[in-house]
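Below, each chain spelled out in residue letters.
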Amino acid sequence: MVCYFLLWSGGSLLHQTAPLFAVHKLDLSLQILLLSGLGDFVILHPWLQALLDVTYMLLPLLLLWAVLKHSTYQYFFAFLNVIYNIGYSLLLTGLSAMSTQWFVGFIFIPALFMVKGELSFYYALHCLRYLFIIIFFSAGLWKIRAGGLFNLEQMSAILLRQHGSLLVSAPQNWYASVILSLVRQPGIAYIFYALGALAELFFVVGLFTKRRDKWLLIILLLFIAFNMVIMKINYFPWVAFGFLFWYSKLNEPLPSITKTPDV
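Residues numbered from 1 in each chain as written. Predicted model: local features only at pLDDT ≥ 70, side-chain atom pairs only at ≥ 80, totals over all residues. Heavy atoms only, no water.

Concerning the overall build of the protein
Assigned secondary structure in the protein consists of 14 helices and zero strands. Written out in order from the N terminus, the α and β elements of the protein read α-α-α-α-α-α-α-α-α-α-α-α-α-α. Dimensions of the protein, computed from the C-alpha atoms along their principal axes, are close to 85 × 50 × 30 Å. Within the protein, the fraction of its 263 residues that count as buried is 39%. Accessible surface computed for the protein: about 15900 Å², of which carbon and sulfur atoms make up 70%. (Helix = DSSP H or I, 4+ residues; strand = E, 2+ residues; numbered from the N terminus. Buried < 20%, exposed > 50% of the residue type's maximum accessible area, 1.4 Å probe, protein only. Areas by Shrake-Rupley, 256 points an atom, 1.4 Å probe, with all protein chains shown as cover.)

What to know about helix 8 (residues 118-145)
The end-to-end C-alpha separation of helix 8 is 40 Å, in line with the 40 Å expected for 28 residues at 1.5 Å each. Buried residues along helix 8 sit against helix 7 (104-108), helix 12 (186-202), helix 13 (213-231) and helix 14 (239-246). Looking one or two residues beyond helix 8, the residue adopting positive phi is Gly 147, at roughly 90°. (Expected span 1.5 Å × (residues − 1). Contact = heavy atoms within 4.5 Å.)

Notes on the packing of helix 3 (residues 28-35) against helix 6 (residues 74-94)
Look at helix 3 against helix 6: their axes get within 10 Å of each other, and the N-to-C directions meet at 85°. As the angle between them shows, helix 3 and helix 6 are arranged roughly perpendicular. The residues of helix 6 that touch helix 3, namely those facing Ser 29, Leu 30 and Leu 33, are Gly 87, Leu 90, Leu 91 and Gly 94. Looking at the contact of helix 3 with helix 6 residue by residue, the class counts come to four nonpolar, three polar and no charged. (Axes fitted to C-alpha atoms, helices over the stretch in contact; angles between N-to-C directions. Parallel < 35°, antiparallel > 145°, perpendicular 65-115°, else oblique. Nonpolar A, V, L, I, M, F, W, Y, C, P; charged D, E, K, R; others polar.)

Section: the environment of Val 115
Among the secondary structure elements, Val 115 is positioned in the loop between helix 7 and helix 8. When its relative accessible area of 26% is taken as the criterion, Val 115 is described as partly exposed. Distance from Val 115 to Pro 46, taken between C-alpha atoms, is 36 Å for residues 69 residues apart in sequence. If we skip the residues at most four places from it in the chain, Val 115 touches Gln 74, Tyr 75, Ser 120, Phe 121 and Ala 124.

Considerations on the pattern of salt bridges
Close approach of charged atoms allows side chains with opposite charge to pair. In total, this model carries two salt bridges according to the counting rule given. The salt bridge involving Arg 129 is made with Asp 213; its shortest N-O contact spans 2.8 Å. Of this pair, Arg 129 sits in helix 8 while Asp 213 sits in helix 13, and the two are 84 residues apart along the sequence. Here Arg 129 and Asp 213 have matching classes, each one buried. (Salt bridge = Lys/Arg side-chain N within 4 Å of Asp/Glu carboxyl O.)

Here's the deal with the packing of aromatic side chains
When we look at a pair of aromatic rings, we describe it by the centre distance and by the angle of the planes. Enumeration according to the criterion identifies 24 aromatic pairs in this entry. A ring pair is formed by Tyr 56 and Phe 103, whose centres lie 6.5 Å apart and whose planes are at 65°; its orientation type is edge-to-face. One end of the pair, Tyr 56, is in helix 5 (residues 46-68); the other, Phe 103, is in the loop between helix 6 and helix 7, with 47 residues separating them in the sequence. Linked through ring pairs, Phe 132, Phe 136, Phe 203, Phe 223, Tyr 235, Trp 238, Phe 241 and Phe 245 together constitute an aromatic cluster. The ring of Tyr 175 has Lys 232 sitting right over it, with the charged end atom 4.9 Å from the ring centre. One cation-aromatic arrangement involves Lys 249 over Trp 246; the distance from NZ or CZ to the ring centre is 3.8 Å. (Phe/Tyr/Trp six-rings, centres within 6.5 Å; stacked < 30°, edge-to-face > 60°. Lys NZ or Arg CZ within 6 Å of the ring centre and 35° of its normal.)

Focus on the confidence of the model for the protein
Averaged over every residue, the pLDDT of the protein is 85; the share at 70 or more is 94%. When mean pLDDT is taken per element in the protein, helix 12 scores highest with 92 and helix 1 (residues 2-9) scores lowest with 69. With pLDDT under 50 throughout, residues 258-263 is counted as low confidence; its partners more than four residues away or in other chains account for zero contacts. (pLDDT = per-residue confidence, 0-100.)

Some words on helix 9 (residues 154-162)
What helix 9 keeps buried is the set Met 155, Ser 156 and Leu 159. Projected onto a plane normal to the axis of helix 9, the buried residues spread over an arc of 100° and lie on a single side. Next to the buried residues of helix 9 lie helix 10 (164-169), helix 11 (174-184), helix 12 and helix 13. (Arc of directions from axis to C-beta.)

Structure below.
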């Protein structure tokens, strides 16, 4: 609900953006969705935009109710959340300037509740933990592959691109002054870029041991805070992935043994 409120307060929901055209991106899933004509249909019908927004809020509440009530509908609502969130995130990012990275948690976290029993949930949690580690670690590898980690002016260029409109419209703003000073000192700006890349690469430790999960959790939270303060990129929904590292310290539950009656 907090993330939904952030979307609403930022005017980022479908009915608030009132899209006029689709933004084509290098995303095969998005292109398939747009080629189906669904994007144009949503653009032409504001009532459908509002309906999709309301459904996006209600489905997690239904899943929460099913989990708390131990309802058999839990698995259906979990599956429905995953499928719907994929489609909604593709539509919203395809009809606006938002990135699908913001919605990763909405897609993966409900999948944890598509299993039955404590043991199955334990393994599902750890599978998702490994998946997130691979995603996070691969982001650090990409910085090496693309050469950004070897470019001293990389962070300065990113800041210019990220905050270009602010630097032009309000150069006297204190935040704009801080960003501009970092741009003018690429060496200092690069330190932030290198620390971010090292944080991503450090996550590979989690593939081999759970003993450093406390540090991985701290690094993840600092990474989210860093992007919010310096880059104005909101990765707040990724906080949900922090629970994967918090609960990884729990021991594996023993499988239930059904006692056979004596003959």
